[in-house]
Amino acid sequence: MIRKLLTGLAVLWAGLWATAAHAQWFEARSANFIVYSEGSRRDAELNAAKLERYHYVLRTFHRIAADRPSNPLRVFLFDSAGDVQDMAGGAGVAGYYVSDARGLMFVGSRSRGGRRDGDPRSENRALRLDPESTMLHEYAHHFMFQYFPASYPTWYVEGFAEFWGTTRILDNDVVEVGLPAEDRVATFDFLTWMPLERLLTIHNYREAPGENIGLLYAQGWLMMRFVFENQARKRQLETYLRLINQGSTYEQAMRQAFPDLSSFNSELFNYAGGRRFTAVRLPFRAINVGNIVVRELSAAENALIEKEVKLSQGYPQREATAFANDVRSIAARFPEDPFALSVLMEAERLAGNFDAAIAAADRLLQREPNHARAMATKGLARAAQLRAAQSTDRPSWTSIQQLLARAARAAPNDPVVLDAYYDSYALQGVLPPEEVQNALYTAMERAPSDGDLRYKLARDFERRRMIPEAIAIIRPEALALPQTETENARRERLRREERNRQAGREQRETALEMLRRLQAMLSPQDRQRQQEAGTS
């Protein structure tokens, strides 16, 4: 499950933040992961090693160069699936992936079940899912969006993750793929089959009403399993995805890529009933996980780790003041701790307490003068103050932008810092210099699944009258949205977005609305070129 698609799960249970106070957390750092595990040093190390092996398998199979840059993914493993549901804010969640720049993390568990014996949620299906498969499933989402950013139908996103999420790496580094998740075969017994004509035209979870949402996973997995060994159908699937990303509607892509759709539907239906789901073995050379460094978290980190997760996954604007109050009360116990100050400064800024945010950032910079995010937070808070005062004082704005330029030099691959550098010009209301636009582009490359970064970059190209470039940036996100929306559905979406608007984020047009607006601005020459290229 991808967190950004579940913004409706915003209601938090009472006593949500009390659980971490009684547990000890450990951090295991490897080349591609930072794993935080509740309760066990050994568990943190083993999961980091497991993820490194899995990353190697995915990277090798999909021919991703070993030196291709990517920021480490943070992984938070709570003691139980019940704790994960608390963090998600609702039942039915065994783990989730946060895909935006501030997040870029997976939240899961070390074990199944609720937090204590007799937890009434133990009958919840999500609490019975295998934690390892859930972790691998969610990392497959990250891998897809990080290395193959494009527009994908929901069934394909979940099918890809379901297929690779059951990967087994044996002791001799032989890799097994292709087995179904433990409950996917049974799905075909109690859920109605979704015809391919329906499956292949669904844009999101909301278009799969009722229990049929399970078929997005089950039949998505089935499709991936089938084409893994059927090259002809695999080529058709690749054509379908390519057409979608060239601008065809889902139905147009389906009809063109699968002219024998009825026959394919029958093939898959019979394949589901055959139950011939054996593992496919892929031999690999010895997989070296590299160096893994483990440490015990400090008292401040231990007390605030759930707050860090909440900051990363986002929370509605209406909760910002209460959240900042909670963080302030905890951070007061650790007035000199850098981690406590880092969480505090962000919480204060998102609540609009700019003086308090600047004060916390200054205290952190006294201890760590090159702390890039402290500089970024301070710069954004000062810029927000100038904007609120409608200041046109150029030296004041220049001072802020110099601070953020220093932050960008200190952390040239941190998308949060690079985004803040760009935002300082946007808050001033001026078009950023080309080097600052380049910083935003780098931020998007480091977090390609962040829709806000894509929107900002497309908007920047638009302001420079580079309309084809703007279209190319926003298209992947826009084409994943339903191409039609009734006025009632639009009003309900806007109400929902306003209720769940995250702290620090402004409401804006959808990616699809932007794409259509930009397409209307194309010059006749550019329109002709795009039509010839098949990407209008």
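Residues numbered from 1 in each chain as written. Predicted model: local features only at pLDDT ≥ 70, side-chain atom pairs only at ≥ 80, totals over all residues. Heavy atoms only, no water.

1. What to know about the confidence of the model for the protein chain
Defined as follows: One confidence number per residue, pLDDT, is output by the predictor and ranges from 0 to 100. Any pair of residues with heavy atoms lying within 4.5 Å of one another is described as a contacting pair.
When the pLDDT values of the protein chain are averaged, the result is 87; 89% of them are 70 or greater. Of the regions scoring below 50 in pLDDT, residues 3-21 engages in 44 contacts with residues more than four places distant in sequence or in other chains. Every residue in residues 115-123 scores below 50 in pLDDT, and together they form 16 contacts with partners more than four places removed in sequence or on other chains.

2. Remarks on helix α7 (residues 213-228)
Heads up, the rule is: Put simply, DSSP marks the helices as runs of H or I at least four residues long and the strands as runs of E at least two long, and each gets a number from the N terminus on. Helix span, as expected, comes to 1.5 Å for every residue beyond the first. With a 1.4 Å probe rolled over the protein chains alone, any residue whose accessible area is under 20% of its type maximum counts as buried; one over 50% counts as exposed, and the rest are partly exposed.
With 16 residues, α7 should reach 22 Å at 1.5 Å per residue; the first-to-last C-alpha distance of 23 Å fits that figure. The element α7 is extensively covered by neighbouring structure, given that 15 of its 16 residues are classed as buried.

3. Digging into the environment of E158
The condition is simple: Any N or O atom pair separated by 3.5 Å or less is treated as a polar contact, with the protein-specific requirement of one donor-capable and one acceptor-capable atom, and with residues adjacent in sequence counted only for side-chain atom pairs.
Within the secondary structure layout, E158 lies in helix α4 (residues 154-165). Each C-alpha atom, one on E158 and one on G220, is 6.3 Å from the other, the two residues being 62 residues apart in sequence. At 3.0 Å, the side chain of E158 forms a polar contact with the side chain of H137.

4. Quick look at the nonpolar core
Selection criterion: Side-chain atoms within 4.5 Å link the members of a nonpolar core, which is a set of buried Ala, Val, Leu, Ile, Met, Phe, Trp, Tyr and Cys residues.
By size, the foremost hydrophobic cluster in this structure holds 146 residues, and its most contacted members are V75, W155, Y156, W164, L200, L237 and Y240. For this core, the leading source of residues is α7, giving 10 residues. Not counting the four nearest positions on each side in its chain, L237 is found in contact with W155, Y156, M224, V227 and F258. Of all hydrophobic cores here, the second largest spans 16 residues; its members include F76, A88, V93 and L297.

5. A few points about the sheet that holds strand β6 (residues 168-169)
Let me state the cut-off plainly: Two strands form a pair only when DSSP identifies at least two bridges running between them.
Taken in spatial order, the three strands make up an open sheet running β6-β7-β8, and their pairing is antiparallel. Each having just a single partner strand, β6 and β8 (280-283) make up the two edges of the open sheet. Strand direction decides the pairing type here: β6 and strand β7 (residues 174-177), joined by two bridges, are antiparallel. Residue pairing for β7: I169 is matched across the bridge by V175.

6. Describing the pattern of salt bridges
Any two side chains of opposite charge can pair if their charged atoms end up close together. Just so we agree on the cut-off: Here a salt bridge means any side-chain nitrogen of Lys or Arg lying within 4 Å of a carboxyl oxygen belonging to Asp or Glu.
For the coordinates displayed, the defined rule picks out 32 salt bridges. Where D260 meets R233, a salt bridge forms, and the shortest distance between an N and an O atom there is 3.1 Å. Residue D260 is located in the loop between α9 (250-257) and α10 (261-274), and its partner R233 is located in helix α8 (residues 231-245); the two are separated by 27 residues in the primary sequence. A salt bridge links D326 to K307; the shortest N-O distance between them is 3.6 Å. Taken together, the positions of D326 in helix α12 (residues 320-331) and K307 in helix α11 (residues 299-313) put the pair 19 residues apart, joining distant regions of the chain. Exposure remark for D326: the relative accessible area of 34% places this residue in the partly exposed category. Several salt bridges share partner residues, and in doing so they unite E27, R29, R295 and E301 into one network.

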